[in-house]
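Here is how the chains run, residue by residue.
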Protein chains: 2
Amino acid sequence: MDVKTLCLGVLFFGDATGYEIRKACSEGMISHLYEAGYGSIYPALAQLSGTGLVTCTEMAQDGRPDKKVYSLTEAGRQALIESLREPPAHDRIRSEFMFGLLFSQLLPNAEVGKRIDERIAWYRDGLERMRTCLGHDMAPGAQFVTGYGIAVYEAAANYLETHRDTLIRTLSQSEDTVEEQPAREAVGR
Amino acid sequence: MDVKTLCLGVLFFGDATGYEIRKACSEGMISHLYEAGYGSIYPALAQLSGTGLVTCTEMAQDGRPDKKVYSLTEAGRQALIESLREPPAHDRIRSEFMFGLLFSQLLPNAEVGKRIDERIAWYRDGLERMRTCLGHDMAPGAQFVTGYGIAVYEAAANYLETHRDTLIRTLSQSEDTVEEQPAREAVGR
DNA sequence: AAAGTCTATATCGGGCCAATATATATCGGC
DNA sequence: GCCGATATATATTGGCCCGATATAGACTTT
């Protein structure tokens, strides 16, 4: 599955411009599942347009630059369904935040605390948006996914809140032995 | 942060071959935070070796192909710390599983159930490994991160288990109206 | 009136990664 | 004792992806 399928999926919920699709995939609800930026979306739309899976209607606007509104065609709908049918690839995640915490012994304690606090705030913010979202009329799948997001974010925020101080305390205690601390095992597997 | 920093990080916990680094980043504990395959790791190691951040010792083995064991140099250690100091980029996630569920109305119910069951099994498997891991001696950061992983996976698995049947039931109920169902709002933001 | 944000489209260089090639060893099952 | 599968080990490539950047008028804030 690639960004082309992502665009088809967004367009399934209604016509949109490239700009709006990007918003959905990098700020909106979908950004929690599958992110994408301009550099992926615009080329994808051009290709989809070329193969007839979407149509593009240029709309002149007073003042602002022209809008290009994309719509899913019947062929696009079929292509979306076909893509969704094949077994989903394994999740791809890349969390610099978590990776950095692995090495929290190498960072100043204040920095560690600051990062955790920021992350908690980020989760709380996401939770608020998701809860607001649940009030509206949604497809059953979207409802399920949103509920899942809430459950996971809640657990993450709670863990960070309840274990933050313990981590900092532990780091403080072993602070002075950091210099000669030998490498440890138990990360390789 | 890129795969070069990832390699430096893994090597901080002890010398390793490219093969072992890949194992840690695509099967081991680190794979839950930051994945990488051969195509990223081998070029990264070559570059790190060229700039003196790691050293490479070739070890002949009876039978098996030669091993190239990489070690972090002092310069590499400093480079790692410097990289970790800069604020972590936003998490990047790409979950085809979750994205697919958004459109569960377009999939056969049996398929939806199967995917959820597989995902639950995957979480449970990950949980078991992480819990085993916690028994061993670990750096405080690694312990914190592992605990976080357990909390999140547990919440995810529980949500899927308790809401699986509700989703399927809801899908079955609206099954016959799928054909003429209009596009819905509330995904754009 | 300057500075910043929002709508809107588009490109590029470099990074990443799945798939693939190569070679040998070991282990379980028949 | 042989076969297929799995594990050890390194390396390349084509294509996808994406952060940064350019452009540009309108609206908002200071």
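The structure this text deals with has already been given above.
Below is a summary of the structure that appears in this document. Everything quoted here is computed from the prediction, not taken from an experiment.

Procedures and definitions
- Residues numbered from 1 in each chain as written.
- Chains lettered and ligands numbered in written order.
- Predicted model: local features only at pLDDT ≥ 70, side-chain atom pairs only at ≥ 80, totals over all residues.
- Heavy atoms only, no water.
- Least-squares fit on C-alpha atoms with pLDDT ≥ 70 in both.
- Patch = residues over 30% accessible without salt bridge, like charges linked within 9 Å, V, L, I, M, F, W, Y side chains within 5 Å.
- Areas by Shrake-Rupley, 256 points an atom, 1.4 Å probe, with all protein chains shown as cover.
- Salt bridge = Lys/Arg side-chain N within 4 Å of Asp/Glu carboxyl O.
- Helix = DSSP H or I, 4+ residues; strand = E, 2+ residues; numbered from the N terminus.
- Contact = heavy atoms within 4.5 Å.
- Buried < 20%, exposed > 50% of the residue type's maximum accessible area, 1.4 Å probe, protein only.
- Arc of directions from axis to C-beta.
- Pairing = 2+ DSSP bridges.
- Buried area = accessible area lost by both parts, 1.4 Å probe.
- Polar contact = N/O pair within 3.5 Å; in protein donor to acceptor, adjacent residues only side chain to side chain.
- Axes fitted to C-alpha atoms, helices over the stretch in contact; angles between N-to-C directions.
- Parallel < 35°, antiparallel > 145°, perpendicular 65-115°, else oblique.
- Nonpolar A, V, L, I, M, F, W, Y, C, P; charged D, E, K, R; others polar.
- Phe/Tyr/Trp six-rings, centres within 6.5 Å; stacked < 30°, edge-to-face > 60°.
- Lys NZ or Arg CZ within 6 Å of the ring centre and 35° of its normal.

A few words now on the relation of the copies chain B and chain A. If you rotate chain B by 180° and push it 0.0 Å along the axis, it lands on chain A with an RMSD of 0.0 Å. Both copies are brought into coincidence by an operation consistent with a two-fold rotation axis. Rotation axis and chain B: the residue whose C-alpha lies nearest the axis is B:I93, separated from it by 2.3 Å.

Taken together, the side chains of A:Y19, A:Y38 and A:Y42 define a hydrophobic patch exposed on the protein surface, amounting to about 310 Å² of accessible area. Mapped onto the secondary structure, A:Y19 falls in helix α2 (residues 18–26).

Here we come to the environment of B:A79. All names here are of chain B. Here A79 lies in helix α4 (residues 74–85). Spatially, the C-alpha atom of A79 lies 8.3 Å from that of L8, the residues being 71 residues apart in sequence. Excluding residues within four positions of it along the chain, A79 makes contact with L8 and L53.

Right, let's get into helix α2 (residues 18–26) of chain B. Residues and elements named next belong to chain B. Every buried residue of α2 is accounted for by G18, I21, R22, A24 and C25. All buried residues of α2 project into a common sector of 160° when viewed along the axis, lining one side. For α2, the elements touching its buried residues are α1 (3–12), β1 (16–17), α3 (38–50) and β3 (67–72).

Another aspect to go through is the sheet that holds β3(B). Residue and element names in this part refer to chain B. Strands sit in the order β1-β3-β2 across an open sheet of three strands; the sheet is antiparallel. The open sheet terminates on both sides in strands that have one partner only, identified here as β1 and β2 (54–59). Pairing of β1 with β3 involves two bridges; the strand directions are antiparallel. Bridge pairing in β3 places T17 opposite V69.

Looking now at the interface of chain B and chain A. On the chain A side, the residues contacting the 82 residues of chain B number 82 residues. Together, the buried faces of chain B and chain A total about 8200 Å²; carbon and sulfur atoms form 66% of this surface. On the chain B side of the interface with chain A, the three residues burying the most area are B:F13, B:R94 and B:F144, jointly 11% of the side's total. On inspection of chain B and its partner chain A, the count reaches two salt bridges. Here B:R119 ties to A:D91 by a salt bridge, and the two come within 2.8 Å at their closest N and O atoms. Summed over the shared surface of chain B and chain A, the number is 29 residue pairs in polar contact (both at pLDDT 80 or more).

Moving on, we come to the packing of helix α1 (residues 3–12) of chain A against helix α3 (residues 38–50) of chain A. All names here are of chain A. In the contact formed by α1 and α3, the axes pass within 9 Å of each other and the chain directions differ by 80°. Between α1 and α3, the crossing angle belongs to the class labelled roughly perpendicular. Residue-level inspection shows V3, K4, C7, L8 and L11 of α1 in contact with α3, the latter providing S40, I41, A44, L45, Q47 and L48. Looking at side-chain class alone, the contact of α1 with α3 contains eight nonpolar, two polar and one charged residues.

Here we come to the packing of aromatic side chains. All chains considered together, the criterion is met by 22 aromatic pairs over all chains. Through pairs of rings, three or more aromatic residues link up here, namely A:F12, A:F13, A:Y34, B:F99 and B:F103. A cation sits over an aromatic face here: A:R119 above A:W122, 5.6 Å from the ring centre.

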